[in-house]
Amino acid sequence: MTQREHDADLSRETLAVTAGRPARTQGAPVNEPVVLSSTYVSQGVPQPGEMMYARADTETWGPFEATLGALEGSAHPALVLGSGMAAIAAALSLVPHGGRLVLPRHAYQVTLGYARDLAGRSDVEVEQVDIADTDAVVAALDPAASPTGRATSMLWVESPTNPMLEVADLPALVAAGHAAGALVAVDNTFATPLVQRPLEHGADVVVHSVTKYLAGHSDVVLGAVLTDDAALREQLHGYRTVHGALAGPFEVYLALRGMRTLALRVERSQRTALDLAQRLAAHPGVVEVRHPGLPGDPGHERATAQMAGYGSIIGLRPAGGAEGADRLVAALRLWVPATSLGGVESSIERRRRFATESPTVPEDLLRLSVGIEDVEDLWRDLDRALRG
Ligand SMILES: *Cc1c(COP(=O)(O)O)cnc(C)c1O
């Protein structure tokens, strides 16, 4: 049995632990060593795959990239980059000058800012849609929706969306994107590959902010991009080599160390998030709770159909508007007031404190990232703060 056949039998939870290990030979280390070298001994005509210079490839990226590739069910290893935004910029480089990009009206705000930047300097037509409204997305993909009659080059999907937790119909959107001749890219940061695997739905490109759940300990900034298509991967690899938004070896080592416990962290934080969302929905100090795991949530049925769980983010609108939300954040002792998400520690943030957040995100919306602390401790802190 080859290693690949062996891996094909293993669950994702096991692969998170076993993928990307050194060969089992007597005396071999269990973890691939961190190699600190910018260059490699080399002379003569370079051979394919030869390590030559660390902007193109390093041994320390390999185990991380193999593990994430295995988790996403990709035919190829992932490509690690210096941040989630570096991975997103790499994926968006596939939109040609003069192309058309359809993306969600609610999504990671820096992604939306980057798309506007692309529109300004690369003659890319950008249209934002409600990604949960499949008919609206299909209509936006049609050249008739373009003021200049352009075909869509790329459909960008986030699901669940940051911070509104809208759930896109992934199989339907992949089919519609392909029917329109567009590449379909999915930001899978919120779900993680243990909960949702867009490549298996036919998506062309997947990006991650590795900073969040994959690394999981709020100690590194990293990103990754994946594709099943060898030619696209070559193009993305070329982009990384030329643009140089590279990942440091120590950061990649930490991210892989974090990924070894991904299954435990995701299982625990998802369970706690659903429990807290249910309790919050029944709390008198709460106006609205958004979480795809709640049966009444607009994304519930879709999430149940295409995800293995509902993620660990909760959208919460407490009573008292934006001031009430700010007071709640200030009154918490256990939840950390901070941006970012996906760490072992639970954190909370009012998203509209950023002037750049979409104006259709409610002023009083708090984004809760549920970590792995004891659920009763998290609840007591929230309940006390909600009672003011
Ligand atoms: C944080 C985040 C990003 C950006 O990743 P960085 O690692 O901060 O560059 C992209 N997409 C989503 C959904 C995110 O939450």
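Residues numbered from 1 in each chain as written. Predicted model: local features only at pLDDT ≥ 70, side-chain atom pairs only at ≥ 80, totals over all residues. Heavy atoms only, no water.

By the naming in an unreviewed UniProt entry, the protein chain goes by homocysteine desulfhydrase and is assigned to Cellulomonas pakistanensis. The UniProt entry for the protein chain carries the following text under Sequence similarities (unreviewed entry): "Belongs to the trans-sulfuration enzymes family." What UniProt records for the protein chain under Cofactor (unreviewed entry) is the sentence "pyridoxal 5'-phosphate". (UniProt positions renumbered as here; feature names shortened; annotations may be inferred.)

Student: Sorry, what's going on with the pattern of salt bridges here?
Tutor: Think of it this way: side chains of opposite charge can pair up when their charged atoms draw near. Counted by the stated rule, this structure contains 26 salt bridges. We note a salt bridge from D381 to R384, for which the minimum N-O separation is 2.6 Å. In this pair, D381 and R384 are both assigned in helix α13 (residues 375–386), three residues apart and thus about one turn of the helix distant. For R384, a relative accessible area of 31% gives the class partly exposed. A single salt-bridge network, built from bridges that share partners, covers R100, D123, E125, E127 and R150. (Salt bridge = Lys/Arg side-chain N within 4 Å of Asp/Glu carboxyl O. Helix = DSSP H or I, 4+ residues; strand = E, 2+ residues; numbered from the N terminus. Buried < 20%, exposed > 50% of the residue type's maximum accessible area, 1.4 Å probe, protein only.)

Student: Before we go on, may I ask you to explain the sheet that holds strand β4 (residues 154–158) in this structure?
Tutor: Strand order in this open sheet of seven strands is β1-β7-β6-β5-β4-β2-β3, and the pairing throughout is mixed. Two strands close off the open sheet at either side, each with one partner strand: β1 (79–81) and β3 (125–129). On average, each strand axis in the sheet is inclined to that of its neighbour by 20°, with strand direction left out of account. Examined bridge by bridge, strand β6 (residues 205–209) and strand β7 (residues 223–227) share five bridges and lie antiparallel to one another. The residue of β7 that forms the bridge with V207 is V225. Against the sheet, helix α6 (residues 134–141) engages β2 (100–104), β3 and β4, with an angle of about 165° to β3. (Pairing = 2+ DSSP bridges. Axes fitted to C-alpha atoms, helices over the stretch in contact; angles between N-to-C directions. Contact = heavy atoms within 4.5 Å.)

Student: Just checking my understanding: could you explain helix α7 (residues 170–179) for this structure?
Tutor: The α-helix winds at 3.6 residues per turn, so residues separated by three or four positions along the chain end up facing the same way. Listed in full, the buried residues belonging to α7 are L170, L173, V174, A176 and G177. Looking straight down α7, one finds that the buried residues subtend no more than 165° of arc, so they occupy a single side. Lining the buried residues of α7 we find α6, β4, β5 (183–187) and α11 (300–306). Directly beyond the C-terminal end of α7, a positive phi value near 80° is found at G181. (Arc of directions from axis to C-beta.)

Student: Help me out: how do you make sense of the site of the ligand in this one?
Tutor: Near the ligand lie 15 residues; those nearest to it are M85, D187, S209, T211 and K212. Between the ligand and G84, the relevant distance is 2.9 Å, taken from an oxygen atom to a main-chain nitrogen or oxygen of the residue. In this structure, a nitrogen atom belonging to the ligand sits 2.7 Å away from a side-chain N or O atom of D187. Protein coverage of the free-state accessible area of the ligand, which is 380 Å², stands at 91%. Looking at side-chain class alone, the shell around the ligand contains six nonpolar, six polar and three charged residues. (Near = heavy atom within 4 Å. Polar contact = N/O pair within 3.5 Å; in protein donor to acceptor, adjacent residues only side chain to side chain. Areas by Shrake-Rupley, 256 points an atom, 1.4 Å probe, with all protein chains shown as cover. Nonpolar A, V, L, I, M, F, W, Y, C, P; charged D, E, K, R; others polar.)

Student: I would appreciate a short explanation of helix α5 (residues 109–122) in the present structure.
Tutor: For α5, which comprises 14 residues, the first-to-last C-alpha distance of 20 Å matches the rise-based estimate of 20 Å (1.5 Å per residue) to within 8%. Within α5, the full set of buried residues consists of Q109, T111, L112, A115, L118 and S122. Check the buried side of α5 and you find it contacts α4 (84–92), β2, β3 and β4. D123 lies just past α5 and shows a positive phi near 50°. (Expected span 1.5 Å × (residues − 1).)

Student: So what exactly am I meant to see when it comes to the environment of V110 here?
Tutor: Relative to the assigned elements, V110 resides in helix α5. According to the relative accessible area criterion, V110 is partly exposed, its value standing at 37%. Note: C-alpha distance between V110 and I88 (22 residues apart in sequence) is 9.7 Å.

Student: Explain the UniProt feature "modified residue: N6-(pyridoxal phosphate)lysine" (unreviewed entry) in the protein chain here, please?
Tutor: UniProt annotation of "modified residue: N6-(pyridoxal phosphate)lysine" (unreviewed entry) refers to K212 when read in the numbering used here. Looking at the secondary structure, you find K212 in the loop between β6 and β7. Excluding anything up to four places from it in sequence, K212 contacts T189, S340, L341 and G342.

Student: Teacher, can you tell me more about the nonpolar core here?
Tutor: Of all hydrophobic cores here, the largest spans 37 residues; its most connected members are F64, L68 and V210. The residue makeup of this core includes at least three contributed by each of domain 1 (3–259) and domain 2 (263–387). The contact partners of L68, leaving out residues within four places of it in the chain, are A78, P193, H208, L214, A224, L226 and M259. Counting 27 residues, the second largest nonpolar core, distinct from the first, contains L79, A107, V124 and M154. (Core = buried A, V, L, I, M, F, W, Y, C linked by side-chain atoms within 4.5 Å. Domains from an automatic or database assignment.)

Student: I'm lost on the side chain of E158 in this one. Help?
Tutor: Inspection of the secondary structure assignment puts E158 in strand β4. It turns out E158 is buried and unbridged, and the closest side chain with the opposite charge, R367, is 8.1 Å from it. At a separation of 2.7 Å, a polar atom in the side chain of E158 contacts the main-chain amide nitrogen of Y108. Within the local environment of E158, its side chain forms a polar contact with the backbone nitrogen of N162, the two atoms lying 2.9 Å apart. (Lys, Arg positive; Asp, Glu negative; His and termini not counted.)

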